[in-house]
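Below are the chains, spelled out letter by letter.
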Amino acid sequence: MKNKVLLIYTGGTIGMVQDESGVLHPFALDRIYDAVPQLKNCAYGIDSCQLENIIDSSNMTPAFWRDIANIIAREYDRYDGFVVLHGTDTMAYTASALSFVFKNLAKPIVLTGSQLPLGMLRSDGRENIICALEIASARQLNIPEVCIFFEDHLYRGNRSTKVSAENFDAFNSYNYPSLATAGINISFKEHLILPVPEGALTIRTEFDNRVAVLKLFPGITREVVHAVLSTSDLQGLVIETYGSGNAPTEKWFIDELEAAAKRGIILMNVTQCKAGAVKMRQYAASCDMDRIGVVGAKDITIEAAVTKLMYLLGCYPNDKQHVKERLSVSLRGELTD
Ligand code: ASP
């Protein structure tokens with residue numbers, strides 16, 4: 001029997017067409033089969049479906065994550081793997097969010113897209129789709145992870161970041177090596193791939209988006225920090241700090257954070273650096289944050305940090321202490337413990 005993959009189309013450049021003025025808009029799934037006719041007769045079976053609303057991924061929201069997750073959960077037993085066609089702009093957020101949604105995932109979910117629409121001669125989409133499908137249907141190795149395949153590399157989804165609005169090589173994973181590379185053969189690095197879990201699959205899709213991100217910069221004012229922290233009903237804040245998790249030591253800054261922590265807002269320390277980790281108390285410039293209970297989130301990406309915070313707040317709305325404890329440990333390989 002052939003392995004079977006479900007191809008889920010959500011939108012993005014890969015399926016877009018240009019209108020008369022040159023602007024790109026998402027289009028329907030059948031265009032993809034016109035552009036890659038090879039998909040109609042490959043060694044594995046492909047079924048496909050699309051979201052009700054096909055979007056540019058800049059319109060991505062937790063409601064779409066729920067829709068994608070529900071499709072996969074509903075069809076989980078019928079397929080050997082899943083490929084999600086997605087815009088590149090927020091692909092790393094969706095991959096991170098889906099990684100948290102599925103606990104005990106035992107099958108591959110591979111997200112891919114392209115920098116040029118499939119209909120264009122030089123499109124990178126054909127290669128990306130075909131490799132993503134091969135990986136999701138691979139008999140020789142089951143990858144029980146949510147991944148991103150892009151331009152020769154398979155990355156762990158919750159370690160990935162979009163790094164280029166120009167190059168075909170649009171993603172990178174600075175704090176974790178790629179899980180596979182595609183050349184003449186697709187070579188998997190088995191020792192880097194998560195083990196197949198023993199428990200049954202569970203799915204939780206209650207994201208709480210009452211969160212914010214505050215990126216520090218030299219000269220940031222108290223008004224800005226105060227305004228963000230005063231957002232009504234704010235439950236959690238990701239602070240994008242400098243280097244290994246450093247921030248101003250000025251009294252007004254620490255006072256603002258401390259007051260927010262006392263109001264029950266969870267504060268998460270994530271570095272602005274692309275590579276490396278937050279190490280609380282390495283410098284005096286993070287000691288006060290540590291004292292007031294800011295959580296150091298180690299080497300997590302900003303995409304994984306935001307989605308993990310939303311996910312944990314959604315799962316444990318009445319247990320902030322538990323949320324804080326989980327933020328600094330690895331749930332799905334998103335950080336180095
Ligand atoms: N704006 C597009 C999107 O994210 C970009 C892309 O697909 O590459 O949907």
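Cut-offs applied
Residues numbered from 1 in each chain as written. Predicted model: local features only at pLDDT ≥ 70, side-chain atom pairs only at ≥ 80, totals over all residues. Heavy atoms only, no water. Near = heavy atom within 4 Å. Polar contact = N/O pair within 3.5 Å; in protein donor to acceptor, adjacent residues only side chain to side chain. Areas by Shrake-Rupley, 256 points an atom, 1.4 Å probe, with all protein chains shown as cover. Nonpolar A, V, L, I, M, F, W, Y, C, P; charged D, E, K, R; others polar. Phe/Tyr/Trp six-rings, centres within 6.5 Å; stacked < 30°, edge-to-face > 60°. Helix = DSSP H or I, 4+ residues; strand = E, 2+ residues; numbered from the N terminus. Buried < 20%, exposed > 50% of the residue type's maximum accessible area, 1.4 Å probe, protein only. Lys NZ or Arg CZ within 6 Å of the ring centre and 35° of its normal. Contact = heavy atoms within 4.5 Å.

**Things to note about the site of the ligand**
Neighbouring residues of the ligand: Gly12, Thr13, Asp56, Ser57, Gly87, Thr88, Asp89 and Ser114. Here Ser57 contributes a side-chain N or O atom positioned 2.5 Å from an oxygen atom of the ligand. Between Ser114 and the ligand, the recorded distance is 3.2 Å, taken from a backbone N or O atom to an oxygen atom. In isolation the ligand offers 260 Å² of accessible surface; the protein chains occlude 91% of this area. Residues of the shell around the ligand, tallied by class, amount to no nonpolar, six polar and two charged.

**Observations concerning the packing of aromatic side chains**
This structure, assessed with the given rule, holds seven aromatic pairs. Summarising the aromatic geometry, the rings of Trp65 and Phe207 are spaced 5.0 Å apart at their centres and angled 65° between planes, so their arrangement reads as edge-to-face. Placement of Trp65 in helix 2 (residues 62–75) and of Phe207 in the loop between strand 14 (202–203) and strand 15 (211–215) is noted, with a sequence separation of 142 residues between them. Note on Phe207: relative accessible area 10%, which makes it buried. Relative to Tyr311, the ring of Phe207 lies with its centre 6.3 Å away and its plane at 55°, an arrangement referred to as tilted. Placement of Phe207 in the loop between strand 14 and strand 15 and of Tyr311 in helix 8 (residues 302–315) is noted, with a sequence separation of 104 residues between them. Judged by relative accessible area, Tyr311 falls into the buried class, the value being 7%. Its end group placed over the ring of Tyr76, Lys107 keeps NZ or CZ at 4.7 Å from the ring centre. A cation sits over an aromatic face here: Arg156 above Tyr176, 4.2 Å from the ring centre.

**What to know about the side chain of Asp208**
Within the secondary structure, Asp208 is located in the loop between strand 14 and strand 15. Accessibility expressed as a relative area gives 10% for Asp208, which makes it buried. In this structure the side chain of Asp208 is engaged in a polar contact, spanning 2.8 Å, whose partner is the side chain of Arg210. In contact with Asp208, not counting residues within four places along its chain, are Gln235, Met310, Leu313 and Gly314.

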